[in-house]
Amino acid sequence: MSKHLQPNVNPTGFESCYHEVKLAEGSVHVYADKELFAGLDPRIFEMAGRNLQIPGIRYMGYTPDVHVGVGTCIGTTAVWNSEDGMVSPSIVGSDIGCGMRVHLTNLHRRDVQDLRLRRKLVNRIEKYLPMEAHKRGAFSDLRMDHIVQKGLKGLPGKYLPDSMPVKRSPSLTRVEQARFAFDPEELNAVADNYWVKGLRQLGTLGGGNHFAEIQYLEIAEENREIAKRWGMFDGQVAVMIHSGSRAWGAMVSQHYTPMAARAMKRLGFGTDDPKLIFAPLDSPEGRRYTDMMASALNVAVVNRHLIAYAIREAFLDVFGPKLEMNLLYDLMHNYAWEERHGGEERFVHRKGATRALPAGHPDNPDVYMETGHPALIPGSMGTASYIMAGLPGGAANYHSICHGAGRVRSRSATKRLVTVDQFAAALKVGTEEEVIVNHNSLGVILDEAPQAYKDVDQIIGSVTGAGLASVVAKCRPLAAVKGAKS
DNA sequence: ATGTTC
């Protein structure tokens, strides 16, 4: 029993961080402190009511960063039985497989303190890491069909170097290293341009809130033992990546949502929201969607892996061959999958929600069985990100925690209300602590200013306050790489 | 988020 290392936590305000909201259709369980809860948009509860109309739903939870989305809020955990449940393309959303990856280097923050060196590093990263798509002919050694079907196992060995171990360290779960038996006809039906574009977009960041950051770690005092086991130390330079399956996942959403809608019509299912689409897991349409969603998860993991590979090339250019960049974990926050909860098989949808399994949970990968796996939480630009460990109390929310800060204002409103100078101040431009960014003009990414987001520290405070997870490390930004609309 | 764009 004592072999499991539990994170140290002293939840002080559990009662004040949990709210059961009773609606006509059932309850939605909200994890947020009183202030965040009071500030929530009332539309998220109307949305919860319509989601709770889907037959067979067992549970619906909101994380503290919850906000309105299409059909279903970002920040939702929605659960069915595996045996006779539903799968919903609307709940998964269109950014299928979007998630986080962290690599730990053997560098200390003092090794990258010099601003000119950091700028050089960002320039190097831009050389290897396109924002939109690789030039025609790049990655001629990759097979998109292998990647779609086998994920990381579909990559040639060249892309799996020892200094960023993937094969050697079984640190990925069955979701992230999924391998599926795809129906050839299903894949044959995908238009040629998606195969071409899919290949060219591998190892590219994309736009919106996606990013790659160079960060340094501040280990939380109370979880030093876990941090040590995970190979982390104070001041360690880490690379955090936030990206997804790019156009492939968008194609799956666009093509298979109408297909699931036809199944609903055939079977006589519906809710008050015509945009909320779902199908039985054991219907032909439900199975086809779930398979194709899995293909997007494979693409997303490979995309993040190749982004990390590109960043490693940049680091090797600058720091030489002694540089190490070990994978800590890769973890998605937009997907649906089978998991074991309370000894039962459940089908868990997470839309903008991060799995945080505690020590001993059977779905942990072996290397993290004794601590729980790292839960990777991105902050907004210029603020902190977090690496957390799940607590047993997280079972209340099916081991889901937040996926970031959560937007407080739209992109257009942010551009209207926030000035470039205010953004620059948030990035500490002109000081020794400046967060180096890959854009000369901050105006092109103004909609991603931290002023567009909630305070991530307060979001994390609600997660720890509710006893769902505990902080292992706070990750402070040193440099940020982002795509921008030209 | 992405792609296509009246």
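Each value, and the rule that gives it
Residues numbered from 1 in each chain as written. Chains lettered and ligands numbered in written order. Predicted model: local features only at pLDDT ≥ 70, side-chain atom pairs only at ≥ 80, totals over all residues. Heavy atoms only, no water. Phe/Tyr/Trp six-rings, centres within 6.5 Å; stacked < 30°, edge-to-face > 60°. Helix = DSSP H or I, 4+ residues; strand = E, 2+ residues; numbered from the N terminus. Lys NZ or Arg CZ within 6 Å of the ring centre and 35° of its normal. Near = heavy atom within 4 Å. Polar contact = N/O pair within 3.5 Å; in protein donor to acceptor, adjacent residues only side chain to side chain. Nonpolar A, V, L, I, M, F, W, Y, C, P; charged D, E, K, R; others polar.

Draft legend 1. Spotlight on the packing of aromatic side chains. The final tally for this structure, using the stated rule, is 10 aromatic pairs. Aromatic pair Y18 and Y31: ring centres 5.1 Å apart, planes at 45 degrees, arrangement tilted. Taken together, the residues Y18 in strand β1 (residues 18–23) and Y31 in strand β2 (residues 26–31) connect sequence positions 13 residues apart. Ring centres 5.9 Å apart and planes at 80 degrees place the aromatic pair W230 and Y368 in the edge-to-face group. With a gap of 138 residues between them, W230 in the loop between α9 (224–229) and β8 (236–243) and Y368 in the loop between β13 (354–355) and β14 (374–377) connect regions that are remote in the sequence. A connected cluster of aromatic rings, assembled from ring pairs, spans F139, Y159 and Y309. One residue, R109, lies across the ring of Y216, its end atom 3.9 Å from the ring centre.

Draft legend 2. Here's a closer look at the protein's contact with DNA strand B. Around DNA strand B, a shell composed of 13 residues is seen, among which Q201, G207, N209, A247 and R411 lie nearest. Restricting the count to atoms of DNA strand B within 4 Å of the protein gives a sugar and phosphate share of 72%. Within the backbone of G207, one N or O atom sits 2.8 Å away from a phosphate oxygen of DNA strand B. R411 has a polar side-chain atom sitting 2.6 Å from a phosphate oxygen of DNA strand B. Residue assignment for the surface near DNA strand B shows that the elements contributing at least two residues are α8 (192–201) and α10 (246–267). Grouping the amino acids of the surface near DNA strand B by side-chain chemistry returns one nonpolar, seven polar and five charged.

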